[in-house]
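# Structure assessment
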Amino acid sequence: MLFRSTRTGCEKGRLVQNQLPDPMVRLGAYSGSWSFAGVNGPSLNGMAPSPALSGGTHNNGAYGYLALPTGEQGRVWLNGSVGFDPAVNPFPGFLAGGLVQQGLIPSRPEDLLVLGIANAWASPAFNPAQSNQGLLELSYQLQLSRRLTLQPFSQLLLNRGGSAAAGVLTLGIQFDWSL
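Residues numbered from 1 in each chain as written. Predicted model: local features only at pLDDT ≥ 70, side-chain atom pairs only at ≥ 80, totals over all residues. Heavy atoms only, no water.

On to a nonpolar patch on the surface, then. A contiguous nonpolar surface patch, about 280 Å² in accessible area, is contributed by Leu78, Leu95 and Trp121. Note that leucine 95 resides in strand β6 (residues 93-102). Exposure remark for leucine 95: the relative accessible area of 41% places this residue in the partly exposed category. (Patch = residues over 30% accessible without salt bridge, like charges linked within 9 Å, V, L, I, M, F, W, Y side chains within 5 Å. Areas by Shrake-Rupley, 256 points an atom, 1.4 Å probe, with all protein chains shown as cover. Salt bridge = Lys/Arg side-chain N within 4 Å of Asp/Glu carboxyl O. Helix = DSSP H or I, 4+ residues; strand = E, 2+ residues; numbered from the N terminus. Buried < 20%, exposed > 50% of the residue type's maximum accessible area, 1.4 Å probe, protein only.)

Structure representation (structure tokens):
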């Protein structure tokens, strides 16, 4: 999809490639089961395996995704999932949302600003002392050429692992090159 970039003065508008996710609604479900023989020894991390996992079990859940336009150059999105058996999933609930905005800087119409927030709820079956884990993200994707992007980002992880641990700030940069 293309949109027209307009400018003031004597310059003509030009067509700019839309870098935004398509508006959509997606809903789904999953179902699985397994059986392990001889899982009574210690796990790789030194902790005993969960009793619910020692013989086998099921893991079922549902998920959804929604992306809506916020004008010609933006999208708001929301996605989440829920596992129906918290005894098998350490974080059975997940909800995330955010905003993607293209062309905030008129001279860089293909760049993207991304703001996101996410939260995962810990299962009381694994560790009753755990709670939720949150994440805040801010990034800006620079479209350097048709095939190359550079994306500096920052992420703030809150309650990592569902514990009361101090937040962790991560700064990074991502390069994408498509053939």
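As a further point, take the pattern of salt bridges. All told, the structure shown has 1 salt bridge when counted by the stated rule. Residues arginine 108 and aspartate 111 are paired through a salt bridge, measuring 2.5 Å at the closest nitrogen-oxygen approach. Since its relative accessible area comes to 29%, arginine 108 is described here as partly exposed. Here aspartate 111 falls in the buried class, since its relative accessible area comes to 2%.

A few words now on the environment of glutamine 133. Residue position: glutamine 133 is located in strand β8 (residues 132-143). Classification of glutamine 133 as partly exposed rests on a relative accessible area of 23%. Taking the C-alpha atoms as reference points, glutamine 133 and glycine 167, separated by 34 residues in sequence, lie 10.0 Å from one another. When sequence neighbours within four positions are dropped, the list of residues in contact with glutamine 133 reads Phe91, Ala118, Asn119, Ala120, Leu157, Leu158, Asn159, Arg160, Gly161 and Gly162. (Contact = heavy atoms within 4.5 Å.)

Turning our attention to the side chain of threonine 149. Checked against the element boundaries, threonine 149 lands in strand β9 (residues 148-158). With near-sequence residues (within four places) excluded, threonine 149 lies in contact with Gln141, Leu142, Gln143, Leu144, Gln174, Phe175 and Asp176.

The next point concerns the pairing of strand β7 (residues 112-121). For β6 and β7, the ladder comprises 10 bridges, and the chain directions are antiparallel. Residue leucine 99 lies in a different strand from β7, and its bridge partner there is leucine 115. Where β7 and β8 come together, 10 bridges link them in antiparallel fashion. Looking at the pairing, asparagine 119 lines up with glycine 134 of β8. (Pairing = 2+ DSSP bridges.)

Turning next to the confidence of the model for the protein. Scored by pLDDT, the protein has a mean of 83; 80% of the residues are at 70 or more. Within the protein, the lowest mean pLDDT, 49, falls on strand β1 (residues 2-5), and the highest, 96, falls on β6. (pLDDT = per-residue confidence, 0-100.)

Along the chain, glutamine 151 falls in strand β9. Assessed through its relative accessible area of 14%, glutamine 151 is described here as buried. There is a polar contact of 2.9 Å between the side chain of glutamine 151 and the side chain of serine 139. With residues up to four places along the chain from it excluded, the contact list for glutamine 151 reads Ser139, Tyr140, Gln141, Gly172, Ile173 and Gln174. (Polar contact = N/O pair within 3.5 Å; in protein donor to acceptor, adjacent residues only side chain to side chain.)

Now for the environment of alanine 122. Along the chain, the position of alanine 122 falls in the loop between β7 and β8. For alanine 122, a relative accessible area of 13% gives the class buried. In this structure, the C-alpha to C-alpha distance between alanine 122 and asparagine 89, residues 33 residues apart in sequence, is 8.5 Å. When sequence neighbours within four positions are dropped, the list of residues in contact with alanine 122 reads Pro90, Phe91, Pro92, Gln130, Ser131 and Asn132.

If you trace the backbone, valine 16 turns up in strand β2 (residues 14-17). Given a relative accessible area of 1%, valine 16 falls into the buried group. In this structure the C-alpha to C-alpha distance between valine 16 and glutamate 110, which are 94 residues apart in sequence, comes to 6.8 Å.

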